[in-house]
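As a plain string of letters, each chain reads:
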Amino acid sequence: MATTTSASFLYRQLRTIPLTFLWAHLFWSKCYSVGDTLGASMLPTINVSGDWILISKFHVRGRGIRVGDLVSYAHPIDGPNVNVVKRVIGMPGDFVVKDPSDRTGDMLQVPKGHIWTTGDNLPHSLDSRMYGPVPLGLVRGKVVAKGLPWKWIKNPLTDD
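Since the structure is predicted, the reported quantities are computational estimates derived from the model, not experimental observations.

Draft legend 1. Just the overall build of the protein chain, in detail. For the protein chain, the count of helices and strands is two helices and 10 strands. When the helices and strands of the protein chain are listed from N to C terminus, the series reads α-β-β-β-β-β-β-β-α-β-β-β. Scaling as 2.2 N^0.38, a compact globule of 160 residues should have a C-alpha radius of gyration of about 15 Å, whereas the protein chain reaches 21 Å, well beyond that. Seen through its principal axes, the protein chain has C-alpha atoms that stretch 85 × 35 × 30 Å. Partitioning the intrachain contacts of the protein chain with sequence separation of at least 6 by distance along the chain shows that 54% fall at a separation of at least 24. Summed over its atoms, the accessible surface of the protein chain is roughly 10,000 Å², and 62% of this surface lies on carbon and sulfur atoms. One way to put it: in the protein chain the 18 positive side-chain charges average out to a point 12 Å from where the 12 negative ones average out.

Here's what the structure looks like:
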């Protein structure tokens, strides 16, 4: 009798392991992911190194993104294995100052299907000023929190 109970218990445990992995995979690939950061481009919002960020994948391909949000996207030049975190400055159709640090005031209109991004620390940021508008298809998600313990990141341009 004890053997059947042990076998039944073992069977139930082995059956739940694949389900656990399935749910974890779905959560990390479709809902949220966690990553570390490196670089001075987002100071003071994100530290040079050692900060962890929580990325909401509900905003993939720019869905629900607004000016002022932090987004994670695949680097348009270095390829899909390089992730970048920058602040959205312009949405499709918006007019933006191409490079506020050069003081020329040159403006451009963000093309349809693209966003304009910059780092919070302009002198140390390689962003849309260098490689142009970012296709919305490269957006992997919206950065919603940083650190451990988590501190929620709010859009400074909204009342949310």
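Draft legend 2. Main features of a nonpolar patch on the surface. Taken together, F27, W28, V34, W52, L148 and W150 make up a surface patch of nonpolar side chains, about 590 Å² in accessible area. Relative to the assigned elements, W150 resides in the loop between β9 (139-146) and β10 (151-152).

Draft legend 3. Focus on the packing of aromatic side chains. Under the criterion given, the structure shown has three aromatic pairs. Ring geometry for F27 against W28: centres 5.4 Å apart, planes inclined by 85 degrees, an arrangement best described as edge-to-face. For F27, a relative accessible area of 36% gives the class partly exposed. Connected via pairs of aromatic rings, a cluster forms that spans F27, W28, Y32 and F58.

Calculation notes
Residues numbered from 1 in each chain as written. Predicted model: local features only at pLDDT ≥ 70, side-chain atom pairs only at ≥ 80, totals over all residues. Heavy atoms only, no water. Helix = DSSP H or I, 4+ residues; strand = E, 2+ residues; numbered from the N terminus. Rg over C-alpha atoms; globule rule 2.2 N^0.38 Å. Contact = heavy atoms within 4.5 Å. Areas by Shrake-Rupley, 256 points an atom, 1.4 Å probe, with all protein chains shown as cover. Lys, Arg positive; Asp, Glu negative; His and termini not counted. Charge placed at Lys NZ, Arg CZ, Asp CG, Glu CD. Patch = residues over 30% accessible without salt bridge, like charges linked within 9 Å, V, L, I, M, F, W, Y side chains within 5 Å. Salt bridge = Lys/Arg side-chain N within 4 Å of Asp/Glu carboxyl O. Phe/Tyr/Trp six-rings, centres within 6.5 Å; stacked < 30°, edge-to-face > 60°. Buried < 20%, exposed > 50% of the residue type's maximum accessible area, 1.4 Å probe, protein only.

Read these as layout, nothing more, since geometry by itself doesn't imply function.
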